[in-house]
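Geometric and topological summary
Residues per chain are reported as follows:
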Amino acid sequence: MHEKEDLEKELIETEIADFQKIESYGYISGSFKRLGVNHISITLFEGNVLELELSSRGYEVLSAKPSLSLETSVFESADTLLTFLSPKYRENFHQLSV
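The structure reproduced in this document is the subject of the present report. Because the structure is a prediction, the values reported are computed rather than measured.

What counts, and at which threshold
Residues numbered from 1 in each chain as written. Predicted model: local features only at pLDDT ≥ 70, side-chain atom pairs only at ≥ 80, totals over all residues. Heavy atoms only, no water. Buried < 20%, exposed > 50% of the residue type's maximum accessible area, 1.4 Å probe, protein only. Helix = DSSP H or I, 4+ residues; strand = E, 2+ residues; numbered from the N terminus. Arc of directions from axis to C-beta. 1 Å grid on protein atoms, 1.4 Å probe; cavity = no way out; pocket = protein on both sides within 12 Å on 5 of 7 lines; lining within 4 Å. Points joined across faces, edges and corners; volume = space filled by probe spheres on them. Nonpolar A, V, L, I, M, F, W, Y, C, P; charged D, E, K, R; others polar. Pairing = 2+ DSSP bridges.

Those residues of helix H3 (residues 78-85) not exposed but buried are Ala78, Leu81, Leu82 and Leu85. Looking straight down H3, one finds its buried side chains confined to an arc of 90°; they lie on one side.

Each pocket or cavity is described by its volume, and for the largest pocket that value is around 170 Å³. If you go around the largest pocket, the residues you meet are Glu8, Leu11, Ile12, Thr14, Glu15, Leu54, Ser55, Ser56, Arg57, Gly58, Tyr59 and Glu76. Looking at which element gives the most residues to the lining of the largest pocket, the answer is helix H1 (residues 2-21), with 5 residues. Taken together, the residues of the lining of the largest pocket break down into 4 nonpolar, 4 polar and 4 charged.

The side-chain alternation of strand S3 (residues 49-55) yields one buried face, formed by Leu50, Leu52 and Leu54, and one unburied face, formed by Val49, Glu51, Glu53 and Ser55. Taken together, the 5 bridges between strand S2 (residues 39-43) and S3 define a ladder with antiparallel strand orientation. Counterpart to Ser41 in the pairing with S3 is Glu51. Between S2 and S3, which pair antiparallel one after the other, the connecting turn spans 5 residues, and Gly47 there sits at a positive phi close to 100°. Bridge analysis of S3 against strand S4 (residues 58-65) gives 7 bridges, and the strand direction is antiparallel. In the sheet register, Leu50 faces S4, and the bridge partner there is Ala64. Here S3 hands over to S4 after 2 residues, the two strands then running antiparallel side by side.

With that settled, consider the environment of Gln95. One can find Gln95 in helix H4 (residues 87-97). Residue Gln95 is classed as exposed on the basis of its relative accessible area, which comes to 53%. Taking the C-alpha atoms as reference, Gln95 lies 26 Å from Lys33; in sequence the two are 62 residues apart.

Across 2 bridges, the pairing between S4 and strand S5 (residues 74-75) is antiparallel. Residue pairing across strands places Glu60 opposite Val74, the latter belonging to S5.

In structure tokens:
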């Protein structure tokens, strides 16, 4: 049982580290905050502050201020989350891949 919990914690730490690597083009620099073991907060370039929970399911949007109309609140990856919620991220990502 402990091995499964340890593996999930390790995966969460890896995801958080990877999420921090995309700060310069993924969200406002300096806005990343660690709120708990698997909770983070970021501010999108558009000004929305997101509180996220990371788990084996992916990234879940717990809250967004100002609120966003979401068809789903769980996203498989940071890229999927940011692509869906941030036009500026899509623009930045496209420029990086050209």
